[in-house]
Amino acid sequence: MTTSDIVATLDALGAAARGAAARMAASPRAKRDAALRALAARLREAGPELETANAQDLRAAADKGLAGPLFDRLRLDAHALDTVIQGCLQLAEMPDPIGEITGVTQRPSGIRVGRMRVPLGVFGMIYESRPNVTIEAASLAIKSGNACILRGGSEAIRSNVALWRCVQRALADAGLPETAVQLVETTDRAAVGRLVAMPEFVDVIIPRGGKGLIERVAREARVPVIKHLDGNCHTYVDERVDLELAVRVVDNAKTQKYSPCNATESLVVHAAQAGAFLPRIGAVFAAKGVEMRGDTRVLAALKDVAGAKLVAATDSDWGEEYLAPIVSIRVVDSLDEAIAHINRHGSHHTDAILTTDHPNAMRFLREVDSASVMVNASTRFADGFEYGLGAEIGISTDKFHARGPVGLEGLTSQKWIVLGEGEIRE
Ligand SMILES: NC(=O)C1=CN([C@@H]2O[C@H](COP(=O)(O)OP(=O)(O)OC[C@H]3O[C@@H](n4cnc5c(N)ncnc54)[C@H](OP(=O)(O)O)[C@@H]3O)[C@@H](O)[C@H]2O)C=CC1
Ligand SMILES: N[C@@H](CCC(=O)OP(=O)(O)O)C(=O)O
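Because the structure is a prediction, the values reported are computed rather than measured.

With that settled, consider the site of ligand 1. In the vicinity of ligand 1 lie 26 residues, with Arg73, Tyr127, Ser154, Glu321 and Ile395 positioned nearest. Here serine 154 contributes a backbone N or O atom positioned 2.6 Å from an oxygen atom of ligand 1. With respect to ligand 1, the side chain of glutamate 321 contributes an N or O atom lying 2.4 Å from an oxygen atom. Summarising the interface, the protein chains cover 84% of the accessible area of ligand 1, which totals 900 Å² for the free molecule. A per-element tally of the shell around ligand 1 places helix α9 (residues 211–220) first, with three residues. Considered class by class, the residues forming the shell around ligand 1 number eight nonpolar, ten polar and eight charged.

This is how it looks when you write it as structure tokens:
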């Protein structure tokens, strides 16, 4: 495809999406919920077709040398398929966010002023090679009355096309425009450049990925962006802490799954607990093959842990998102130092404090500048389903209305409504 072919293709997708968005915004809840139930049925009946497409993607990815967690998240097995099917059915049962009117007050002039929740319009989404995200994004778009243009990772292209066919059939089944959800079928990255620069068709861009993607979008986007960036998440073990709880939570936050953006990448430990806590968590990490990159105090505290993979941390480790069995560890002398370290080196995604000290917990919640801040819980909980949102588009690292796990509400905004009876302004 030449660049001008790509521009023409994207423009056609954009024009169709713009038309579909108006119809989606005006559609009754019953139709959107019917489309979600139809999608669940279509996905179920397309099982073998989806399996074949995914097997082709997996084979091609393996030939390219993709391995480990990145390979695993490309897999659309029966469990992953069933999870997205259940997600569609759950979304269909959730209240309709669209048209909700809140906060109506009567003004001295007589007019009544309030707010109505409305879809954003058309969103463009660029995301990793993870096929289930295609259905999560499509289903959230349908429920929230938006139209969307999806550009998934290139390794997942065959799976995404097969899934998208199911979405189109489901929209048609429910009498909604098939163009409410469209897929960019070329893997040429020039399409991303066009998608982010057509404000006449796209209202907002949702990039979900690493630094390279975000840098490009930040440079080239001509529409508002809701960034779903990398997670350099921290867990801080405070001066006063329940050690059993700390070992359990840190172990889960780092090792339950290495690839998600909400896994803890960096451990910060108060000096008062370094001697007691570090050897215990060090033994857990050693048993699981997690490499520990620490400062001098960390290395001293861990030197007798059998089988520990120890490396001296460099400055660049504090800002690193490993997505792998590696953790950076730093000892600090105060809560102030911990907060300053996290705000400086973190990615404003998710950070947790483990403490029995209530004032310290409250300070951490207020002063750590991240989308999710947690007390005595694993950073792995930063997830739309775990937060009760039904599903998630991703985890926003931006500071606007959509911050942290983004569900239906994040795909809407509120417009002012004014209800009068012929009042005029004096
Ligand atoms: N905050 C959140 O909700 C989430 C964040 N992430 C983050 O994503 C990263 C890991 O995912 P990974 O797949 O490696 O992410 P990448 O950023 O490599 O890829 C994500 C998507 O962006 C595209 N892309 C990447 N760079 C460019 C570019 N320069 N121009 C155009 N398109 C581009 C990719 O396309 P192509 O296929 O062509 O490579 C892919 O579709 C981690 O940092 C992780 O934390 C992951 C999931 C959720
Ligand atoms: N919400 C997700 C995290 C999103 C995420 O990081 O996705 P990915 O990097 O594709 O595994 C979860 O907690 O599983």
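The full set of residues close to ligand 2 is Arg73, Glu128, Arg130, Arg208, Ser259, Pro260, Cys261, Asn262, Arg380, Asp383 and Glu392. Partitioning the shell around ligand 2 into residue classes produces two nonpolar, two polar and seven charged. Three or more residues apiece are contributed to the shell around ligand 2 by two domains, here domain 1 (3–228 + 393–419) and domain 2 (233–381).

What follows is about the pattern of salt bridges. Tallied over the entire structure, the rule returns 31 salt bridges. Glutamate 49 serves as the salt-bridge partner of arginine 169, at 3.9 Å between the closest nitrogen and oxygen. Of this pair, arginine 169 sits in helix α7 (residues 157–173) while glutamate 49 sits in helix α3 (residues 47–64), and the two are 120 residues apart along the sequence. With a relative accessible area of 38%, glutamate 49 lands in the partly exposed category. When salt bridges that share partners are traced, they join Asp11, Arg194 and Glu200 into one network.

Chain-level statistics for the protein chain give a pLDDT mean of 96 and a share of 100% at 70 or above. Interface predicted TM-score (ipTM) for the complex: 0.93; the corresponding pTM is 0.91.

Tracing the backbone through its elements, the reader meets threonine 134 in helix α6 (residues 131–143). You can call threonine 134 buried: its relative accessible area is 1%. In this structure the side chain of threonine 134 is engaged in a polar contact, spanning 2.8 Å, whose partner is the side chain of tyrosine 127. Those residues in contact with threonine 134, other than ones at most four positions away along the chain, are Tyr127, Leu150, Asn160 and Leu163.

As a further point, take the packing of aromatic side chains. The description of an aromatic ring pair uses the distance of the two centres, along with the angle that the planes make with each other. Taken as a whole and judged by the stated rule, the model has one aromatic pair. Geometrically, the ring pair formed by tyrosine 236 and phenylalanine 364 is stacked, given 6.5 Å between the ring centres and 10° between the ring planes. On the criterion of sequence distance, the pair formed by tyrosine 236 in strand β7 (residues 233–237) and phenylalanine 364 in helix α14 (residues 358–367) is long-range, its members being 128 residues apart. The pair tyrosine 236 / phenylalanine 364 is uniform in exposure class, with both members buried. Seen from the ring of tryptophan 416, arginine 115 lies directly overhead, with NZ or CZ sitting 4.1 Å from the centre. Of note, arginine 330 hangs over the ring of tryptophan 318, and the distance from its end group to the ring centre comes to 5.2 Å.

Take the packing of helix α10 (residues 243–255) against helix α11 (residues 271–288) next. The interhelical angle for the contact between α10 and α11, taken along N-to-C directions, is 40°, at an axis separation of 10 Å. What the angle tells us is that α10 and α11 run oblique. When the axes of α10 and α11 are compared, the crossing they make is right-handed. Residue-level contacts link Leu243, Glu244, Ala246, Val247, Val250, Asp251, Lys254 and Thr255 of α10 to Gln273, Ala276, Phe277, Arg280, Ile281, Val284, Phe285 and Lys288 of α11. Of the residues in the contact of α10 with α11, the class split is nine nonpolar, two polar and five charged.

Another aspect to go through is the UniProt feature "domain: Aldehyde dehydrogenase" (unreviewed entry) in the protein chain. In this structure's numbering, the residues bearing the UniProt feature "domain: Aldehyde dehydrogenase" (unreviewed entry) are residues 10–284 and 318–382. Counted over residues 10–284, helix gives 53% and strand 16%. Its end C-alpha atoms are 50 Å apart. Annotation note: span residues 318–382, helix share 32%, strand share 25%, distance between end C-alpha atoms 21 Å.

This brings us to the nonpolar core. Within the largest apolar cluster, 75 residues are counted, with the highest numbers of intra-cluster contacts made by Leu43, Phe123, Met125, Val181, Ile205 and Ile393. No other element matches α7, which puts nine residues into this core. Contacts of methionine 125, omitting those with residues within four sequence positions, involve Val133, Ala137, Ile149, Leu150, Arg151, Ile206, Arg208 and Ile393. If you look at the next biggest cluster of nonpolar residues, it comprises 25 residues, including Leu245, Val247, Ile281 and Val290.

Analysis parameters
Residues numbered from 1 in each chain as written. Chains lettered and ligands numbered in written order. Predicted model: local features only at pLDDT ≥ 70, side-chain atom pairs only at ≥ 80, totals over all residues. Heavy atoms only, no water. Near = heavy atom within 4 Å. Polar contact = N/O pair within 3.5 Å; in protein donor to acceptor, adjacent residues only side chain to side chain. Areas by Shrake-Rupley, 256 points an atom, 1.4 Å probe, with all protein chains shown as cover. Helix = DSSP H or I, 4+ residues; strand = E, 2+ residues; numbered from the N terminus. Nonpolar A, V, L, I, M, F, W, Y, C, P; charged D, E, K, R; others polar. Domains from an automatic or database assignment. Salt bridge = Lys/Arg side-chain N within 4 Å of Asp/Glu carboxyl O. Buried < 20%, exposed > 50% of the residue type's maximum accessible area, 1.4 Å probe, protein only. pLDDT = per-residue confidence, 0-100. Contact = heavy atoms within 4.5 Å. Phe/Tyr/Trp six-rings, centres within 6.5 Å; stacked < 30°, edge-to-face > 60°. Lys NZ or Arg CZ within 6 Å of the ring centre and 35° of its normal. Axes fitted to C-alpha atoms, helices over the stretch in contact; angles between N-to-C directions. Parallel < 35°, antiparallel > 145°, perpendicular 65-115°, else oblique. Left-handed = near helix turned anticlockwise from the far one by under 90°. UniProt positions renumbered as here; feature names shortened; annotations may be inferred. Core = buried A, V, L, I, M, F, W, Y, C linked by side-chain atoms within 4.5 Å.

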